[in-house]
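Listed below are the residues making up each chain.
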Amino acid sequence: MVDFSFTEEQKLIRNELRGWCEKNLPLEKIREMDSNGEIPQSLVKSMADMGLLIMTAPVEHGGTGADWVTACIVGEELGYADISIALPVLWLVESSWGYVVDKHCNEYVREKVIRKAIKGDAFIGIASTEAGGGSDVASFKSHAKKKGSKWILNGEKMYLSGTEEAKKWGGGYFVNVRTSPAPPESPHRGMTGFYLPIDTPGVEISKRFEDMGRMAISTGGFSMDNVSLPANHIIGEVDKGFYLTMEGFDCARILIGAVCLGAAKRALELGMDYIKERRAFGRPIGKFEGIQFELADDWARLAAQRSLVYRTAWMMDKRYEEKRFTPLEVAKMISACKLLTPHFAFDVFKHVMLWFGAYGYTKECPIEMGLRGIMSYCVGAEGTANIQRVVIARELLGKEYIAYK
Ligand SMILES: Cc1cc2nc3c(=O)[nH]c(=O)nc-3n(C[C@H](O)[C@H](O)[C@H](O)COP(=O)(O)OP(=O)(O)OC[C@H]3O[C@@H](n4cnc5c(N)ncnc54)[C@H](O)[C@@H]3O)c2cc1C
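Residues numbered from 1 in each chain as written. Predicted model: local features only at pLDDT ≥ 70, side-chain atom pairs only at ≥ 80, totals over all residues. Heavy atoms only, no water.

K.L.:
Honestly, the packing of helix α8 (residues 241-277) against helix α11 (residues 367-379) in this entry has me stumped. Any pointers?
P.N.:
Look at α8 against α11: their axes get within 11 Å of each other, and the N-to-C directions meet at 160 degrees. Viewed along their axes, α8 and α11 adopt a mutual orientation that is roughly antiparallel. Where α8 crosses over α11, the two elements pack in a sense that is left-handed. In this structure, α8 uses Ile256, Cys260, Ala263, Ala267 and Leu270 to contact α11, whose residues at the interface are Ile367, Ile374 and Tyr377. (Axes fitted to C-alpha atoms, helices over the stretch in contact; angles between N-to-C directions. Helix = DSSP H or I, 4+ residues; strand = E, 2+ residues; numbered from the N terminus. Parallel < 35°, antiparallel > 145°, perpendicular 65-115°, else oblique. Left-handed = near helix turned anticlockwise from the far one by under 90°. Contact = heavy atoms within 4.5 Å.)

K.L.:
I would appreciate a short explanation of helix α5 (residues 86-104) in the present structure.
P.N.:
Each turn of an α-helix holds 3.6 residues, which means side chains three or four residues apart point in the same direction. Its 19 residues place the ends of α5 27 Å apart at the C-alpha level, agreeing with the 27 Å of an ideal helix rising 1.5 Å per residue. The element α5 is extensively covered by neighbouring structure, given that 17 of its 19 residues are classed as buried. (Expected span 1.5 Å × (residues − 1). Buried < 20%, exposed > 50% of the residue type's maximum accessible area, 1.4 Å probe, protein only.)

K.L.:
Would you mind showing me how to read the packing of aromatic side chains here?
P.N.:
Geometrically, a pair of aromatic rings is defined through the distance of the ring centres and the angle of the planes. Scanning the entire structure with this criterion turns up 15 aromatic pairs. Pairing Tyr274 with Tyr359 gives two aromatic rings, centres 6.4 Å apart and planes at 25 degrees, and the pair type is stacked. With a gap of 85 residues between them, Tyr274 in helix α8 and Tyr359 in the loop between α10 (327-356) and α11 connect regions that are remote in the sequence. Taken together, Trp68, Tyr99 and Tyr320 form an aromatic cluster joined through their ring pairs. The ring of Tyr320 has Arg319 lying over it, and the distance from NZ or CZ to the ring centre is 4.3 Å. (Phe/Tyr/Trp six-rings, centres within 6.5 Å; stacked < 30°, edge-to-face > 60°. Lys NZ or Arg CZ within 6 Å of the ring centre and 35° of its normal.)

K.L.:
I'm lost on unusual backbone geometry in this one. Help?
P.N.:
Excluding glycine, a negative phi dihedral is what most residues carry, and trans is how most peptide bonds are arranged. A positive phi is found at Phe281, a non-glycine position, where the angle reads about 55 degrees. On the basis of relative accessibility, which here comes to 76%, the residue Phe281 falls in the exposed class. Despite not being glycine, Glu382 shows a phi value in the positive range, around 65 degrees. Mapped onto the secondary structure, Glu382 falls in the loop between α11 and α12 (385-397).

K.L.:
Sorry if this is basic, but what is going on with the site of the ligand here?
P.N.:
Neighbouring the ligand are 18 residues; Thr129, Gly134, Ser135, Tyr159 and Thr384 lie closest to it. In the model, an oxygen atom of the ligand is placed 2.8 Å from a nitrogen or oxygen of the Ser128 main chain. Thr384 places a side-chain nitrogen or oxygen 2.6 Å from an oxygen atom of the ligand. For the shell around the ligand, the elements supplying multiple residues, two or more each, are β1 (123-127), β3 (150-161) and α12. The greatest single-element share of the shell around the ligand, amounting to three residues, is contributed by β3. (Near = heavy atom within 4 Å. Polar contact = N/O pair within 3.5 Å; in protein donor to acceptor, adjacent residues only side chain to side chain.)

K.L.:
Help me understand the layout of surface pockets in this model?
P.N.:
Rolled over the atoms, a probe with the dimensions of a water molecule shows which regions are left empty. Of the volumes computed, that of the second largest pocket is approximately 560 Å³. The wall of the second largest pocket is formed by 18 residues, among which Asp3, Phe4, Ser5, Tyr310 and Trp314 lie closest to the centre. When residues in the lining of the second largest pocket are grouped by element, the largest group, nine residues, is from helix α9 (residues 289-322). Taken together, the residues of the lining of the second largest pocket sort by class into seven nonpolar, four polar and seven charged. Mapped onto the domain boundaries, the lining of the second largest pocket takes at least three residues apiece from domain 1 (8-121) and domain 3 (249-401). (1 Å grid on protein atoms, 1.4 Å probe; cavity = no way out; pocket = protein on both sides within 12 Å on 5 of 7 lines; lining within 4 Å. Points joined across faces, edges and corners; volume = space filled by probe spheres on them. Nonpolar A, V, L, I, M, F, W, Y, C, P; charged D, E, K, R; others polar. Domains from an automatic or database assignment.)

K.L.:
Hey, could you run me through the pairing of strand β7 (residues 219-230) in this one?
P.N.:
Residues in a regular strand project their side chains so that they alternate between the two faces of the sheet. As judged from the nine bridges shared by β3 and β7, these two strands associate in the antiparallel manner. In the sheet register, Glu156 faces β7, and the bridge partner there is Ser223. Sheet analysis places strand β6 (residues 203-208) next to β7, joined by five bridges and oriented antiparallel. Residue pairing for β7: Glu204 is matched across the bridge by Ser223. (Pairing = 2+ DSSP bridges.)

K.L.:
For this particular structure, what's the right way to read the side chain of His188?
P.N.:
Relative to the elements of secondary structure, His188 occurs in the loop between β4 (171-178) and β5 (191-197). Overall, His188 belongs to the buried group, its relative accessible area being 17%. Each residue touching His188, except ones within four places of it in the same chain, is listed here: Ala138, Phe242 and Tyr243.

Structural data, given as structure tokens:
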């Protein structure tokens, strides 16, 4: 029998979080954060008090042991509340990469960053992309060489979410660098993941970008100049970092799906309120087919993609708990979520902005924050649309059809 209902506990979490969002994240507050370019750490600590940070980590590591369906509920509510998606981005980056680091790290790293990040006292992010390109992970130039008991890291990582937050709050990044030459037939091999505290000597924030949207969370880059890390900073196994990076992308991408759909739902609701009130040619504009049909199409697409995202999160849970699906089966579905949801949400914000007319184009209207913020996920944060297509086609056609080999 198919049962699509949420558990009582999940409903409770959604209701509690919705109440918290109504109190702490009204649209005026989102506008203020967008204008100031900052998320107050007090908000993050308040989320920690509710057990929302890296919540899928086990209880004995400080998390709540939540499943991915519950994490998606949280993502959807946060996207609904903060349509600029800055706070949801901070939350989901930590939730996914913190989860992967926690799963594969030793107690030293867990104490140093995971337990602190769960309390809102530190930031943990992902440093994968380099200035030369982000999609082709195997081509990265940053590298680490073993010297005695230490590893010496050199290179530069770029377009990273949260560089200023890491500097201010403490914490660091899961950074993946080359540790062995790649065999030509498997260029992704030979990468290793490290936990890199941002205050390690030799690490320098080399860039802060002025982004188009999600202004309240920073995007920057850092250089690594002979950075010396003890071996206990290795996450997982030497030369196996690529697989952890893919695991982290999977976690982040499903949460992005939930955040994008939450934001799209809010945009549609704001739009519906407006088209019932705004009058043209003697009647509310919501009476015109040109607007009604667009609303109906968007609502139908929202309902369909919501089913996709929650079913995929359920598959993730079954993969982890019962090994019912293979990681690649789940990855294909996750890529479908990441392929569809950002572009869909962007379309919704565009449609609603047009319903709002000239007012929609001003900063007095909240809609433009969503349009700017969601675009970051269309451009490619946590993987571009084409890379999702590459993953899906690889699973449909077989590895011999991979375009880049
Ligand atoms: C706001 C924002 C925040 C980000 N935060 C982080 C972060 O915290 N950590 C981090 O590591 N990175 C982060 N990124 C970087 C992100 O992961 C990269 O943008 C992404 O991986 C794409 O890399 P690229 O931008 O270098 O584009 P490229 O890899 O240079 O790709 C350029 C274009 O070519 C297309 N393309 C590439 N290969 C193929 C192919 N085989 N087939 C078809 N098309 C292809 C891509 O789809 C894209 O359209 C962030 C990006 C943004 C915009």
